[in-house]
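For reference, the chains in residue letters:
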Amino acid sequence: MNDRTTFEAPGSTWHMLFYKEVLRFWRVSFQTVAAPVIMALLYLLIFSHVLESRVSVFGGSVSYTAFLVPGLVMMTVLQNAFANTSSSLIQSKITGNMIFFLLAPITPWGFFLAYVLAAVLRGTVVGIGVWLVAALFFAPELWRPAAPLWAIAFGFLGGAILAMLGMIAGLWSEKFDQLATFQNFIILPLTFLSGVFYSVHSLPAFWFGVSHLNPFFYVIDGFRYGFFGVSDVSPWLSLTFVGTVGAVLTWGTWALIARGWKLRI
Amino acid sequence: MTYAVEFQAVSRRFGELQALDDISFTIAPGEFFGLLGPNGAGKTTLISVLGGLVRPDSGRAFVMGHDVATDYLNSRRQLGMVPQELVFDPFFTVRETLRFQAGYFGLHRADDWIDEILHHLGLSDKADKGMRTLSGGMKRRVLVGQALVHKPPVIVLDEPTAGVDVELRHALWAFISRLNKEGHTVLLTTHYLPEAETLCGRIAMLKAGRVVALDHKHRLLSPFEMTMVRLTAARVPDSWQARVRREEGQSFLIELQRLEELETLLAALRADGIAVKDLQVEQTDLEQVFLRLTGSGAKGNERQPAPAGEPS
């Protein structure tokens, strides 16, 4: 063997899987990064134009356009994190190239980390793209988030939760339309009904209550707190709720991988 | 002794199908081992156990002494597997594919070694081509490269020459033989029997999830080994009359115990002044053994030598 080649300790091998996952979406970044940024900005353009003068949020302390931006950023993070893990896994499953890393000495944790972190990274890149353009052209007050650590924490947790849901969906699905079912009937309604476009205080009592069961609501509300220092519920409550969901999903996803669910027969 | 590969009473059932039924055997380091069997015999399932892709219901398997279930990090490092299907990741180039695979095994800065593999597999000029642009044969070569990139002591090839043209088949055989000579243990599944006959030392034959024969190929052949000679001539030397198994006009089917007896037969023909118009040697091959043991097909019966003592 060549002198310069070196074996590293077991466990370090997941870095390459992470790198592969990042390169995979970067190769098609027009579709995976640029397109979602454009889509979010179109939402912003239309909703802010139509609703700016009609909707009042947080007692008028924040303009509707500014209110909308963190919601759209977070929605973009969530959707792209989900799309990354789920589409990568189902593609590998359908083309059969999953065997390449199933035969490798990669632990269930390594597999988990590589996929989740790459998906969070894609969500972050797209989210930052939306934030930069929105702050530049629509809401300059967003250049200086009030509590950036909260925004980072919720951005990461939200991305990780959706990345894990994407992993579960990608592992579960045998074909693309099963994945689409998961996406259209679970992920999309939860994202849209989470207060991206409105403050839940403007909802009727029943839907106000229902929103409080939706973990995506806490992710977006907490993320928004990071920008304005104001939110519908306390960021600590959101963090507790989101953290708990994240912990349960981490355990669940890891357990599925460790069991080789739909991976090893 | 640490075996390169060891199966201990491995069984696996898929619903009604007993895919693997109490399989036990070992492969010593450095062997070139063939796993033969008809489609559905369990060959792919059995080797998938080694890579942890299939988990047995009972029994254990080891690669270089490492249990594939409890010590999988080490067992997988020792194992390179070429899958039967032509799988690839369309997003990447040949070089990236090999780099990733090396990295999955903890092998970094491996570009020199990757260049060497590309060279040996005739892929140097394809290194920076996207996987999806390659022909089937080229994709097969990349799969072989991926299995070798972490220099595993044990290499498993699942039907490596299925759907491969003659040129590539011979190139692959030469390459795999070289790896074996360099000390790699090779486990080859195939239903292309000449391949096993040419390359392998010991051979296991699988049928319906069970090992029906396991021995060195020469010993597998020897119980059936008798050579038939089809002689076209006016007559047969008197001393050889007892060996004639069939007679049709001037065509005689003569049984030899060993191929070396052919010399004696030719000498007798010369001594008796008999002119040989035509002479064909028909030797038992692995295919006949295989068909007898796995009990399939009329094709084998046609090619089997006539039983001794059959009235002519």
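Here we take up the overall build of chain B. In terms of regular secondary structure, chain B is built from 11 helices and 15 strands. Per-residue burial over chain B gives 40% buried out of 312 residues. Long-range contacts, defined as pairs at least 24 residues apart, comprise 68% of the intrachain contacts of chain B with a sequence gap of at least 6.

To continue, consider the sheet that holds strand β10 (residues 202–207) of chain B. Residue and element names in this part refer to chain B. Overall, mixed pairing links the six strands, which are arranged β6-β8-β9-β3-β10-β11 in an open sheet. Of all the strands in the sheet, the pair left with one neighbour each is β6 (79–82) and β11 (210–216). Sheet twist, expressed as the average angle between the axes of neighbouring strands with direction ignored, equals 15 degrees. For β10 and β11, the ladder comprises six bridges, and the chain directions are antiparallel. Paired with Ile203 across the two strands is Asp215, which belongs to β11. Helix α6 (residues 166–181) contacts β3 (32–36), β8 (154–158) and β9 (185–190) of the sheet and is inclined by roughly 145 degrees relative to β9.

What follows deals with α6(B). Residue and element names in this part refer to chain B. Here α6 is 16 residues long and its end C-alpha atoms lie 22 Å apart, about the 22 Å a rise of 1.5 Å per residue gives. Looking only at α6, the buried set comprises Leu168, Leu172, Ile176 and Asn180. Within α6, the buried residues cover an arc of 110 degrees as seen down the axis, which keeps them to one side. Of the exposed residues in α6, those oriented more than 90 degrees away from the buried face are Val166, Glu167, His170, Ala174, Arg178 and Lys181. In this structure, the buried residues of α6 make contact with β3, α5 (136–148), β8 and β9.

Frequently, the measure chosen for interface size is the accessible area removed from exposure when the parts meet. On the chain B side, the residues contacting the 28 residues of chain A number 29 residues. Elements with a contribution of two residues or more to the side of chain A that touches chain B: β1 (6–7), α1 (14–27) and α4 (99–102) of chain A. Looking at the side of chain A that touches chain B, the element that brings in the most residues is α1(A), giving five residues. Of the residues in the side of chain A that touches chain B, the class split is 14 nonpolar, eight polar and six charged.

What follows concerns the domain arrangement of chain B. The domains assigned to chain B are domain 1 (5–221) and domain 2 (226–283). Each of domain 1 of chain B and domain 2 of chain B has a C-alpha centre, and these two points are 44 Å apart.

This next bit is on the confidence of the model for chain B. Residues and elements named next belong to chain B. Mean pLDDT for chain B: 83, with 89% of residues reaching 70 or above. Segment residues 297–312: pLDDT under 50, and 20 contacts once partners within four positions in sequence are set aside and those in other chains are kept. Overall fold confidence (pTM) sits at 0.81, and the ipTM for the predicted complex is 0.82.

This next bit is on the sheet that holds strand β2 (residues 17–27) of chain B. Residue and element names in this part refer to chain B. Ordered by their spatial adjacency, four strands build an open sheet running β2-β1-β4-β5, and the pairing between neighbours is antiparallel. Each of the sheet's edge strands pairs with one partner strand only, and the pair in question is β2 and β5 (66–67). By the bridge criterion, seven bridges tie strand β1 (residues 5–14) to β2 in an arrangement that is antiparallel. Looking at the pairing, Arg12 lines up with Leu20 of β2.

This next bit is on the confidence of the model for chain A. Summing up the model confidence of chain A, the mean pLDDT is 86 and the portion of residues at 70 or higher is 93%. Across residues 1–11 of chain A the pLDDT falls below 50, and counting only partners more than four positions away or on other chains, this stretch makes 21 contacts in the model.

Cut-offs used in this document
Residues numbered from 1 in each chain as written. Chains lettered and ligands numbered in written order. Predicted model: local features only at pLDDT ≥ 70, side-chain atom pairs only at ≥ 80, totals over all residues. Helix = DSSP H or I, 4+ residues; strand = E, 2+ residues; numbered from the N terminus. Buried ≥ 20, exposed ≤ 12 C-beta atoms within 10 Å, placed from the backbone. Contact = placed C-beta atoms within 7 Å. Pairing = 2+ DSSP bridges. Axes fitted to C-alpha atoms, helices over the stretch in contact; angles between N-to-C directions. Expected span 1.5 Å × (residues − 1). Arc of directions from axis to C-beta. Nonpolar A, V, L, I, M, F, W, Y, C, P; charged D, E, K, R; others polar. Domains from an automatic or database assignment. pLDDT = per-residue confidence, 0-100.

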